[in-house]
Structure formats: structure tokens, C-alpha cells
Amino acid sequence: MARGEGAEQYSATLLVATAKPTKAEIKAVKSSEQKSVTQEQRRSGLSVWNKLCYAFGGAPYQITGSALGFFLQIYLLDVAQLDPFYASIILFVGRAWDAITDPTVGFLVSRSRWTGIGRMMPWILCSTPFAVLTYFLIWYVPPFEEGKVIWYLVFYCLFQSMQTCFHVPYSALTMFISSDQKERDSATAYRMMVEVLGTVLGTAIQGQIVGGVSSCPTESDGSNSTNATMSAIVSLEDTKQAYLLASGVICIIYVICAGILFLGVKEKKESGRKSSAPPLTFRQGLWVIASHRPYVILVIGFLFTSLAFMLLEGNFALFITHALGHRKDFQNILLVIMLSGTLTIPWWQWFLTRFGKKMATYCGILWAVPFMILIVSVPSHLIISYLVSVAAGVSVAASFLLPWSMLPDVVDDFKVQNPDVHGHEALFYSFYVFFIKFASGLSLGISTLSLKFAGYVTGQCSQPETVSLTLKILVSPVPIVLIVIGLLVIKTYPIDEERRQGNRKLLQDLLDSESETSQLGTSV
């Protein structure tokens, strides 16, 4: 739909909505209406406490995601001691199942009824205990061999389902914490900062606890075969306990964050717009959002850029260890990346406010390209690796913040062009998450197959030179190409600052009109 047509349809809706009240009635309630609007505006503002509590809700997804992303493959191969073929099946099927559940849950959430605690919050609360239990069981090595593959496949898929029931409603909750676009953008910035901190925390908890009991064998270990065997047995048992301890700590943090979200955030019911039309079916909802051009462009563009950063993230630990030779420092380098990203999120929030979201996307994502080239072009040096990590964290922050800051703009644009369609917010967020998780599964599959063809040997401290070359390709040339493609797609994204501000004004006028109509209805 063209922009002008959307405005005409919107204006027509306003005329219909305000046709009944007369001018005399409007004057009669004008003073009381202005007071109520002023009070409503004050109530709709979010305090720093509200924004922080909302932001804490995003931490569980990132903490568990970073722990699973960095350590699950190593855990299945070296601790659970599964065959690489079965480990690959578990990882691929788990991610594929995770991607499928997102639009399904999004559809179910969009059809949910409003309750006393909101429409999104019941999903978040009910899924939390099951997510915690299934996450803990992923990191438990069962005392049998026959059904071990089924064990991990079932609990990994169950956890992904429960996590989806938490994260999709939480993502859509952005549209229900405030009707003010600036407040939503500010809350999103808080959320992204906490989520990056969550990634740091997940990496630190899992890495420090597990890393303290697992290491490559030294030459002295091989001097006596009996001692080496006993040491390996003890080390394996200690490693199993370390993984359980780390998962227990993360489960506790998960529950605490869910509690803070529930206690500190009040979900606001969508303003009094009611439609007599029946709710959309799943197929209708899919068609409606797939027909909205800005949403399609945004998803495709960030699909490519997200795939680039996921390839970099998924292979960076192996790259540091085997290509650069910084085995003892890889955990610290990963922490530097995440800390740098956390500290620069407020700066990116200021930048997108000052120069616009599209400009922030170009600058933020392109910032990483020179450093991707540098890290594979110069000889391995620890100081250079740390400097590159600091710079890479700046782009990581932008890749975290910008998609979630631009999605509400797409939803607002859709509302302007389709004012009679309601309850669609969760579908927009769930399909976006679906494609991002699809990119994650695709990157994991590509990386695993590439390393297998390169001759990667599981459990070995030294790898063939072909593995080093493959890792260099996976962290530099391939992500750069994907970034360029993604930014070329985003260049066609039609929602600029002028259109965004126009949508904001139109939506605010609609809210004021509906408030006026409801006041007149109660007074009459």
C-alpha cells in the first residue's frame, strides 16, 4: 500500500470514529478530557526502574543462549561423548524445532485473551519453571548409553519450546509497556544493554566454572599411561559436575530475572479500539505481515547481517584457539567483546536518535569489517587480538540494538496502513525471531560441515592447517560478503525519520481521538 493511501485510509477511520459526538458535547467535556489526557500521559511514562525491570526480562534468553552457543557442542562431544554425527543431529534438529515453534507460539499469543496480569505475562510466568527444569537436564549426563541421544534431543527441543514461550511474548511486550515511541526506544536500549550483559554473564559463568576443571593434556600427563588414564577419569567426572553447577547457577538467575520482570512491569492494555471482525487465522496473519513491504525488507536485511555475526560468534572461540593460538586467553577475549558491546550501547542509542536508525545501521555494522580483515591479515599477536575484540564489540552492540529498535517502527507503520487489524504484534516479532534462529541453525550447520571437511579432530588440542584456513574464511570473507548483501537490502528500507515521525503523530492522533470518544461515551 502506498504511503498516501495509508494516510487516506487512516484519516477515514478517524472521521468514522468521531462522527457521533456533536460539537456541543465536545465542549461540555473538554476541560475534564484535557485533565484525563494529561494524567494518562503522566501514567504512561516509564520510570528508570520500569525500564530496568523490563530489561531484566531479556537476560535469561541471552544467558542460556550464550552458554548453549559456546559450550553445547563441546559438551556433547567431549563430556557426553556422543558420536559427532549424533551431536550434529541434536544441534540441527534442536535449532530447526526452535525456529518452527516461534511463529506457532506467536500465533497462539496473538489469539490469547487479556487476563488480570496482561496478555503476554501469563506465557512468561507459566513457561519459566519448565524452561528451568529442561535447561538443567540438558547438562546432565544420564547413567545409560542406549537412549542418551534421545535424552538430549528431547530435552533440548523441550527447552527451546519453553524458551520460545518466554521470549516471543517478552519481545512483543515492547508494544504494551508504553504507547510512546520514545519510551519504547529507550526501554529497548535498556533491554539491549542487559541482554549484552547477559551474554557476558552466560559466557563468564559457563566458561569460568567449566574452564577451571577442563584443559588439554600436558606432556607430563603422557609420561605415565596409568596416571594419565586416572587423571582423565577424574577430570571427566569433575567436568560433569562443573557443567551441572554452572547450569544450576544460570537456572537461579533465570528465575530471578523472570520475577523482576513480573514485579516491575505492568502490561498496558491496548487502547479502546475494538473490532467486530473475527480474529485472523494463522494463514491470514502470515499473509498480512508478509505483504507489508517494510517488514519484509527489514527481516531480509537483518537476516544476512545476523548470519554474518552468528558465523563470527560461533567460530570465534575456535578461531582464537586454533588459528591464533591464544588457547589460554580465548575466554577473556570473548568477555572483552561483550563488555565493549555493553558499554557502547548507550552511545548507539544516542547516535540513532541524533542521525537516524538507517545511518546507525550502516555505521554500526560496517565498523566491524576493517577489523575482520585485520585479524586474518596480520600475524597472530595477543595485543592485536584484544584491540580487535574491543572494536568488534562496538558492532556487536549495534547488531543487538538496531533490529529491536526498528521493529516497533514497522509495527507502527503497519497500524497506520491497517487500522482495523489488531492483535498482530506477536506475529511480527515471532516471525522475525524465526528467521534469525533459522540463520543461527544454518550458520551452525555450515560451520560444522566445513570443519568436518577440513579434517577437524574432536577432542584434540592441535588441528591440521586446513582447519586454521577454514576458520579464517568463516570469520572474515564470508561474514563480510553477508554484511554487504544485508546492507544493500536495508538501503531500500522505506521508513526514514520523516515517515517514522509522521506515523507517530498519526497514531497519537488516533489515541487522542479514541480517548475523546470514550470520554464522551461515559459522560453521555
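How each quantity is defined
- Residues numbered from 1 in each chain as written.
- Predicted model: local features only at pLDDT ≥ 70, side-chain atom pairs only at ≥ 80, totals over all residues.
- Heavy atoms only, no water.
- Patch = residues over 30% accessible without salt bridge, like charges linked within 9 Å, V, L, I, M, F, W, Y side chains within 5 Å.
- Areas by Shrake-Rupley, 256 points an atom, 1.4 Å probe, with all protein chains shown as cover.
- Salt bridge = Lys/Arg side-chain N within 4 Å of Asp/Glu carboxyl O.
- Helix = DSSP H or I, 4+ residues; strand = E, 2+ residues; numbered from the N terminus.
- Expected span 1.5 Å × (residues − 1).
- Buried < 20%, exposed > 50% of the residue type's maximum accessible area, 1.4 Å probe, protein only.
- Phe/Tyr/Trp six-rings, centres within 6.5 Å; stacked < 30°, edge-to-face > 60°.
- Lys NZ or Arg CZ within 6 Å of the ring centre and 35° of its normal.
- Bend = angle between axes of the 7 residues up to and from the residue.
- Axes fitted to C-alpha atoms, helices over the stretch in contact; angles between N-to-C directions.
- Parallel < 35°, antiparallel > 145°, perpendicular 65-115°, else oblique.
- Left-handed = near helix turned anticlockwise from the far one by under 90°.
- Contact = heavy atoms within 4.5 Å.
- Nonpolar A, V, L, I, M, F, W, Y, C, P; charged D, E, K, R; others polar.
- Polar contact = N/O pair within 3.5 Å; in protein donor to acceptor, adjacent residues only side chain to side chain.

A. Just a nonpolar patch on the surface, in detail. Together, Phe 85, Tyr 86, Ile 89, Phe 92 and Val 93 make up an exposed nonpolar region whose accessible area comes to about 470 Å². Structurally, Val 93 is set in helix α5 (residues 84-110).

B. Fine view of helix α15 (residues 382-417). With 36 residues, α15 should reach 52 Å at 1.5 Å per residue; the first-to-last C-alpha distance of 53 Å fits that figure. In terms of residue burial, α15 counts as a mostly covered element, since 29 of its 36 residues are buried.

C. View of the packing of aromatic side chains. Under the counting rule described, the total for this entry stands at 21 aromatic pairs. Between the aromatic rings of Tyr 75 and Tyr 243, the centroid separation amounts to 4.9 Å while the plane-to-plane angle is 55°, which identifies the pairing as tilted. Here the residue Tyr 75 occupies a position in helix α4 (residues 59-79), and Tyr 243 occupies one in helix α9 (residues 225-264), the gap between them amounting to 168 residues. An aromatic cluster is present here, built from Tyr 75, Tyr 135, Trp 139, Tyr 152, Phe 159 and Tyr 243 joined pairwise through their rings. Over the ring of Phe 355 we find Arg 354, and its NZ or CZ is 5.0 Å from the ring centre.

D. Just helix α11 (residues 293-323), in detail. For α11, built from 31 residues, the straight-helix expectation of 45 Å at 1.5 Å per residue is met to within 8% by its first-to-last C-alpha distance of 42 Å. Its maximal kink placed at Asn 315, α11 deviates by approximately 50°. Burial within α11 is extensive, with 25 of its 31 residues counted as buried. Once α11 ends, the next one or two residues include Gly 325, with phi positive near 80°.

E. Seen up close, the packing of α11 against helix α18 (residues 477-490). Between α11 and α18, the shortest axis-to-axis distance is 8 Å and the interhelical angle comes to 165°. In terms of their interaxial angle, α11 and α18 are classed as roughly antiparallel. Note on packing geometry: the crossing formed by α11 with α18 is left-handed. Residues Ile 297, Ile 300, Gly 301, Phe 302, Phe 304, Thr 305, Leu 307, Ala 308, Phe 309 and Leu 311 of α11 lie in contact with α18, whose contacting residues are Val 478, Pro 479, Leu 482, Ile 483, Ile 485, Gly 486, Leu 487, Val 489 and Ile 490. Residues belonging to the contact of α11 with α18 are distributed by class as follows: 16 nonpolar, three polar and no charged.

F. Structural view of the pattern of salt bridges. With the rule as written, the count across this model stands at seven salt bridges. Of the charged contacts in the structure, one is a salt bridge between Lys 240 and Glu 237, with a shortest N-O distance of 3.7 Å. Of the two residues, Lys 240 and Glu 237 are both situated in helix α9; the distance of three residues between them amounts to about one turn of the helix. Of the charged contacts in the structure, one is a salt bridge between Asp 409 and Lys 357, with a shortest N-O distance of 2.6 Å. Of the two residues, Asp 409 sits in helix α15 while Lys 357 sits in helix α13 (residues 357-366), which places them 52 residues apart along the sequence. Judged by its relative accessible area of 4%, Asp 409 is buried.

G. Representation of the side chain of Ser 247 in the model. One can find Ser 247 in helix α9. Given the relative accessible area of 0%, Ser 247 is considered buried. Here Leu 244 takes part through its backbone oxygen, which lies 2.7 Å from a polar atom of the side chain of Ser 247. Apart from the residues lying within four places of it in its own chain, the contact partners of Ser 247 are Tyr 135, Phe 136 and Trp 139.

H. Examining the packing of α13 against α18 more closely. Put simply, α13 and α18 touch, their axes get as near as 11 Å, and they point 175° apart. It follows that α13 is roughly antiparallel to α18 by the angle criterion. Side by side, α13 and α18 meet where Lys 358, Thr 361, Tyr 362, Ile 365 and Leu 366 of the first sit next to Ile 483, Leu 487 and Ile 490 of the second. Of the residues in the contact of α13 with α18, the class split is six nonpolar, one polar and one charged.

I. Representation of the environment of Asn 332 in the model. Along the polypeptide, Asn 332 turns up in helix α12 (residues 330-355). Note on Asn 332: relative accessible area 35%, which makes it partly exposed. Sequence separation between Asn 332 and Ala 204 is 128 residues, and the spatial gap between their C-alpha atoms is 8.7 Å.

J. Highlighting the environment of Gly 285. Mapped onto the fold, Gly 285 is located in helix α10 (residues 282-290). Remark: the alpha-carbon pair of Gly 285 and Leu 427, spanning 142 residues in sequence, is separated by 7.3 Å.

K. Broad picture of the side chain of Lys 357. The class of Lys 357 is buried, set by a relative accessible area of 3%. Within the local environment of Lys 357, its side chain forms a polar contact with the backbone oxygen of Ser 405, the two atoms lying 2.8 Å apart. Within the structure, the side chain of Lys 357 is placed 2.6 Å from the side chain of Asp 409, a separation counted as a polar contact. Once you skip the residues sitting within four places of it in the chain, Lys 357 turns out to touch Asp 185, Leu 352, Leu 402, Ser 405, Met 406, Asp 409, Glu 497 and Arg 500.

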